[in-house]
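# Notes for the structure review
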Amino acid sequence: MTFGMAKPMDQPENQPETQPRDQLKDQLKNQLDEWVRSLHSIQQIIKDESGNIAMLLQRTNAVQSQFQEIIEATSLADLPLPIEQKMRPYQTEAHRRLRLLSVASMKLKTARAPDTVAQVRSQLEAHLEQIEQFAIAMANEIRV
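Description of the structure in this document. Every chain's residues receive numbers from 1 upward, in the order its sequence appears when written. For a predicted model such as this one, the threshold for reporting local features is a pLDDT of at least 70, and the threshold for listing and counting side-chain atom pairs is 80 or more; totals across whole chains, interfaces and linings nevertheless cover every residue. The basis for every side-chain value is the complete set of heavy atoms in the structure, and neither hydrogens nor water enter the calculation.

### Considering the overall build of the protein
The line we're drawing: Strands here are runs of E lasting at least two residues and helices are runs of H or I lasting at least four, both read from the DSSP assignment and numbered beginning at the N terminus. For every residue, the accessible area (1.4 Å probe, protein chains only) is compared with the maximum for its type, and the residue is labelled buried under 20%, exposed over 50%, or partly exposed between those bounds. The criterion used for residue contact is that any of the two residues' heavy atoms lie within 4.5 Å.
Across its full length, the protein holds four helices and zero strands. Seen in sequence order, the protein has helices and strands lined up from the N terminus as α-α-α-α. In the protein, which comprises 144 residues, the proportion classed as buried is 35%. Long-range pairs, those at least 24 residues apart, make up 78% of the contacts in the protein between residues at least 6 apart in sequence.

What follows is the structure in structure tokens.
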């Protein structure tokens, strides 16, 4: 018998300690992927000239909620400090662009002149493209 001997770290019973962390990381990856899909759906609404403005506002609010969930999931995933530090600027800029997206969505709701509508749609597309790039960058940092 071997009383008092430490078990090697690679034994299965030590894995449950890391498994929840890995699950949270996978969940975060999935949330980021879903967020990108949601951003794409908004892009389709914007590209459709007769797109439903109410739907656009609803989806904009939804992606903001998704982003808040991603922020919470990021803290729960207990990512290594270097990864968190790389993600922070992406999160900050994504948050800023989400606010601008919301403002531009409201402008589109009130815009009447065709030139104004076209300009606001262009702004919305630019914000969405930037947010998507930040989402992809965050996902890439987690996948490393």
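Having seen the model, we can carry on.
### Some remarks on the packing of helix α2 (residues 53–76) against helix α3 (residues 81–110)
In plain terms, the rule: Here an angle of 0 to 180 degrees is reported between the N-to-C directions of two axes, which are lines fitted to C-alpha atoms, with helices fitted over the stretch in contact. Orientation labels follow simple angle bins: below 35 degrees gives roughly parallel, above 145 gives roughly antiparallel, 65 to 115 gives roughly perpendicular, and whatever is left gives oblique. By the definition used in this description, the sense in which the near helix is turned from the far one sets the handedness, with an anticlockwise turn below a right angle giving left-handed and a clockwise turn giving right-handed. Side-chain classes follow a simple rule in which Ala, Val, Leu, Ile, Met, Phe, Trp, Tyr, Cys and Pro form the nonpolar group, Asp, Glu, Lys and Arg form the charged group, and the remainder, Gly included, forms the polar group.
Where α2 contacts α3, the two axes come as close as 10 Å, and the packing angle between them is 165°. The angle between the axes of α2 and α3 places the two elements in the roughly antiparallel class. Crossing of α2 against α3: the hand is left-handed. Residues I53, L56, L57, T60, V63, Q64, F67, Q68, I71 and T74 of α2 lie in contact with α3, whose contacting residues are M87, Q91, A94, H95, L98, R99, L101, S102, S105, M106, L108 and K109. Looking at the contact of α2 with α3 residue by residue, the class counts come to 12 nonpolar, eight polar and two charged.

### As for unusual backbone geometry
Backbone geometry at D78 places phi at a positive 50°, although glycine is not the residue there. For D78, the location among the structural elements is in the loop between α2 and α3. Its relative accessible area of 46% is what places D78 among the partly exposed residues.

### What about the environment of Q43?
Structurally, the position occupied by Q43 is in helix α1 (residues 19–47). A relative accessible area of 9% means that Q43 is categorised as buried. Taking the C-alpha atoms as reference, Q43 lies 7.1 Å from L128; in sequence the two are 85 residues apart.

### Examining the packing of aromatic side chains
Quick reminder of the rule: Here is the rule: rings of Phe, Tyr and Trp (six-membered ring for Trp) pair when centre to centre is within 6.5 Å. Planes less than 30 degrees apart are stacked, more than 60 are edge-to-face, and the remainder are tilted.
In total, this model carries two aromatic pairs according to the counting rule given. Ring centres 6.5 Å apart and planes at 35° place the aromatic pair Y90 and F134 in the tilted group. Taken together, the residues Y90 in helix α3 and F134 in helix α4 (residues 114–143) connect sequence positions 44 residues apart.

### Thoughts on the pattern of salt bridges
In plain terms, the rule: What makes a salt bridge here is a side-chain nitrogen of Lys or Arg within 4 Å of a carboxyl oxygen of Asp or Glu, nothing more.
Overall, the coordinates contain five salt bridges when judged by the stated rule. In this structure, E34 engages R37 in a salt bridge whose closest nitrogen and oxygen atoms are separated by 2.9 Å. Placement of both E34 and R37 in helix α1 is noted, with a separation of three residues, approximately one turn of the helix. Residues E84 and R88 are paired through a salt bridge, measuring 3.4 Å at the closest nitrogen-oxygen approach. Of this pair, E84 and R88 both sit in helix α3, four residues apart, which is roughly one turn of that helix.

### Description of the packing of α3 against α4
Close contact between α3 and α4 brings their axes to 9 Å; oriented N to C, the two are set at 160°. Looking at the two axes, α3 sits roughly antiparallel to α4. You can see that α3 and α4 cross each other, and the crossing is left-handed. Here the residues of the contact of α3 with α4 are counted per class, giving 19 nonpolar, five polar and six charged.

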